[in-house]
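# Fold and contact review
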Amino acid sequence: MSTSERKVPFFKYQRAFHNQESQFVEIFQDIIRRGAFILQRDLADFEQALASYLGVKHAFGVGNATDGMIIAWRAIGLCQGDEVIFPSHTMVATPAAIHFGGGIPVPVDCGSDHLIDPTQIENAITDRTRAIAPVQLNGRTCNMDPILELADRHQLIIMEDAAQALGSRFKQRPAGTFGQAGVFSFYPAKVLGCLGDGGAVVTNDDELARKIGRLRDHGRDESGEICMWGMNSRLDNLQAAFLHAQLKGYREVVEFRRTLALRYQTNLASCGHLALPPAPESDADHFDVYQNYEIEANYRDELKTHLQSRGIGTLIQWGGKPVHQHEKLGFRVELPATDRLFARCLLLPMNICLGNDDIDYVSESILEFYRQR
Ligand SMILES: *Cc1c(COP(=O)(O)O)cnc(C)c1O
């Protein structure tokens with residue numbers, strides 16, 4: 001195999017904030033000079049801007065999305081033995097948060113859209129089931145209608161892992177706003193990323209909001225009085241300022257990712273060896289932000305190697321294993337759809353550093369691989 005001149009890295013951290021560098025330096029200096037580090041105005045301003053972007057009543061910046069989910073579950077009040085149904089195709093953070101939030105994570109299969117399968121949720125419901133944790137994966141929101149219907153019928157709580165889905169919508173309603181609470185991640189590689197760890201919890205419930213605000217700050221209320229056990233998980237004021245600056249241009253970032261997705265779609269739609277994510281305008285119910293472009297591919301491992309030889313980086317999510325395949329976590333379930341998907345799924349490069357020529361080069365390299373099959 002020839003080594004390629006051209007390089008399309010999967011994601012390049014050195015380039016992620018390249019365009020914002022001078023703006024970030026100004027923010028940094030301003031915050032140093034004001035000495036505004038913890039729970040300051042910049043955080044409150046960002047929380048308000050985020051809440052308004054999502055059309056929710058309350059948003060709280062937290063240390064990261066994993067903490068955010070633990071805080072959300074604690075605020076909701078899981079009891080010992082409460083089962084929470086989640087899709088195995090997710091980061092281990094989703095069930096870890098259920099575990100540390102006091103519940104028992106119950107993994108289920110995903111459907112052809114790579115998202116939690118509502119039929120499998122229904123099959124997994126027992127008299128101990130307390131909640132559902134849909135994961136709005138790859139920047140796409142689940143078809144929430146059957147999930148909301150199940151939750152209603154069985155009196156279950158919904159808490160969304162929307163770590164990958166800021167700005168994604170189902171029937172005009174944003175990911176993260178369907179249940180009692182929703183959580184977002186600002187890890188640097190997320191569509192809205194900061195310069196380290198960061199996350200947010202959102203809710204429309206005033207009582208839950210009060211608890212979330214206290215849980216993230218040592219259990220302190222507005223007057224500084226300790227009124228419950230709490231954690232220390234506050235989004236840094238500095239990170240909030242970086243995020244707020246980027247949120248202002250967020251719609252354009254999302255539109256740009258959608259044009260890249262459309263270009264992959266146009267280039268690759270005719271290839272019978274692939275299953276592509278839905279195209280941006282293919283479905284009136286969904287608005288996707290393309291955190292990831294997750295394809296299914298015949299001869300997946302050979303394709304990955306071929307693309308590597310052409311200088312193209314790809315990724316299999318979660319290190320190649322869905323949650324239930326981690327033996328040490330002790331899940332004893334058969335999830336055939338997820339197992340099948342993990343023999344075929346692959347993330348193609350999808351980030352704002354890419355241009356049309358990069359997408360065309362990746363696409364051409366894929367088509368070239370299958371011409372030899
Ligand atoms: C990134 C991610 C998380 C974890 O977010 P952190 O902010 O790193 O804690 C959780 N769930 C999903 C689906 C993710 O993609």
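Residues numbered from 1 in each chain as written. Predicted model: local features only at pLDDT ≥ 70, side-chain atom pairs only at ≥ 80, totals over all residues. Heavy atoms only, no water.

## Some details on the sheet that holds strand S10 (residues 274–275)
Strand pairing in a sheet takes place through backbone hydrogen bonds and is either antiparallel or parallel in direction. Taking strand neighbours across the sheet as the criterion, the three strands line up as S10-S12-S13 in an open arrangement whose pairing is antiparallel. The strands lining the two open edges of the sheet, one partner per strand, are S10 and strand S13 (345–348). Contacts from helix H10 (residues 250–268) reach S10, strand S12 (293–297) and S13, with the element oriented near 20° to S12. (Pairing = 2+ DSSP bridges. Helix = DSSP H or I, 4+ residues; strand = E, 2+ residues; numbered from the N terminus. Contact = heavy atoms within 4.5 Å. Axes fitted to C-alpha atoms, helices over the stretch in contact; angles between N-to-C directions.)

## As for helix H5 (residues 93–100)
For H5, the complete set of buried residues consists of Ala-93, Thr-94, Pro-95, Ala-97 and Ile-98. Those residues of H5 that are buried lie in contact with helix H4 (65–76), strand S2 (83–87), strand S3 (104–108) and strand S5 (157–161). Looking one or two residues beyond H5, the residue adopting positive phi is Gly-102, at roughly 105°. (Buried < 20%, exposed > 50% of the residue type's maximum accessible area, 1.4 Å probe, protein only.)

## Things to note about the site of the ligand
In the neighbourhood of the ligand, 15 residues make up the surrounding shell, with Ala-65, Thr-66, Asp-161, Ser-185 and Lys-190 lying closest. Side-chain polar atom of Ser-185 to an oxygen atom of the ligand: 2.7 Å apart, as the coordinates give it. In this structure, an oxygen atom belonging to the ligand sits 2.6 Å away from a side-chain N or O atom of Lys-190. If the ligand stood free it would expose 380 Å²; the protein chains cover 93% of that surface. With three residues, H4 is the largest single contributor of residues to the shell around the ligand. Classifying every residue of the shell around the ligand gives seven nonpolar, six polar and two charged. (Near = heavy atom within 4 Å. Polar contact = N/O pair within 3.5 Å; in protein donor to acceptor, adjacent residues only side chain to side chain. Areas by Shrake-Rupley, 256 points an atom, 1.4 Å probe, with all protein chains shown as cover. Nonpolar A, V, L, I, M, F, W, Y, C, P; charged D, E, K, R; others polar.)

## So, the side chain of His-306
Inspection of the secondary structure assignment puts His-306 in helix H11 (residues 300–309). A distance of 3.1 Å separates the side chain of His-306 from the side chain of Glu-368, its partner in a polar contact. Contact partners of His-306, with chain neighbours within four places excluded, come to Ser-365, Glu-368 and Phe-369.

## Some points on the confidence of the model for the protein
With 99% of its residues at a pLDDT of at least 70, the protein reaches an overall mean of 97. The element-level mean pLDDT for the protein is lowest in helix H1 (residues 13–16), coming to 94, with strand S9 (residues 199–203) highest at 99. (pLDDT = per-residue confidence, 0-100.)

## Some details on the pairing of S3
For S3, a buried count of four out of five residues is recorded, marking the element as mostly surrounded by other parts of the structure. As defined by bridge partners, S2 adjoins S3 across five bridges and the pair is classed as parallel. For Pro-87, the partnering residue across the bridge sits in S3 and is Val-108. At this point the chain moves from S2, through H5, to the parallel S3, and the crossover so formed is right-handed. (Right-handed = clockwise from strand over helix to strand, strands pointing away.)

## A look at the nonpolar core
Within the largest apolar cluster, 30 residues are counted, with the highest numbers of intra-cluster contacts made by Trp-73, Val-84, Met-159, Val-183, Val-201 and Ile-212. Counting residues per element, the ones that place at least two in this core are strand S1 (58–62), H4, S2, H5, S5, strand S8 (181–185) and helix H8 (206–215). Broken down by element, the residue count for this core peaks at eight residues, all from H4. In terms of nonpolar packing, the next biggest core, distinct from the first, is built from 29 residues, Cys-271, Tyr-290, Cys-345 and Leu-354 among them. (Core = buried A, V, L, I, M, F, W, Y, C linked by side-chain atoms within 4.5 Å.)

## Quick word on the sheet that holds strand S11 (residues 286–287)
Taken together, the three strands give an open sheet; going across it, the order is S7-S6-S11, and neighbouring strands pair in antiparallel fashion. Looking at strand neighbours, the two that pair on one side only are strand S7 (173–174) and S11, the edges of this open sheet. Bridging between strand S6 (residues 169–170) and S7 involves two bridges; their strand directions are antiparallel. If you follow Phe-170 over to S7, its bridge partner there is Arg-173.

## Overview of the pairing of S12
Here S12 lies mainly inside the structure; five of its five residues are buried. Side-chain alternation along S12 places Tyr-293, Ile-295 and Ala-297 on one buried face and Glu-294 and Glu-296 on a second face that is also buried. As defined by bridge partners, S10 adjoins S12 across two bridges and the pair is classed as antiparallel. Bridged to Leu-274 within S12 is Ala-297. Two strands pair when backbone bridges link them, and S12 and S13 are joined in this way by four bridges, in the antiparallel orientation. Note on S13: the bridge partner recorded for Ile-295 is Leu-346.

## Notes on the packing of aromatic side chains
We describe a pair of aromatic rings using the distance from one ring centre to the other and the angle between the two ring planes. Enumeration according to the criterion identifies ten aromatic pairs in this entry. Where Phe-17 meets Phe-24, the ring centres are 5.9 Å apart and the plane angle is 45°; that geometry is what we call tilted. There is no split in this pair, since Phe-17 and Phe-24 are both buried. Residues Tyr-53 and Tyr-250 carry aromatic rings whose centres are separated by 5.8 Å and whose planes lie at 90° to one another, so their mutual orientation is edge-to-face. Of this pair, Tyr-53 sits in helix H3 (residues 41–54) while Tyr-250 is found in helix H10, placing the two residues 197 residues apart along the sequence. Each residue in the set Phe-17, Phe-24 and Phe-242 is aromatic and connected to the rest through ring pairs, giving one cluster. (Phe/Tyr/Trp six-rings, centres within 6.5 Å; stacked < 30°, edge-to-face > 60°.)

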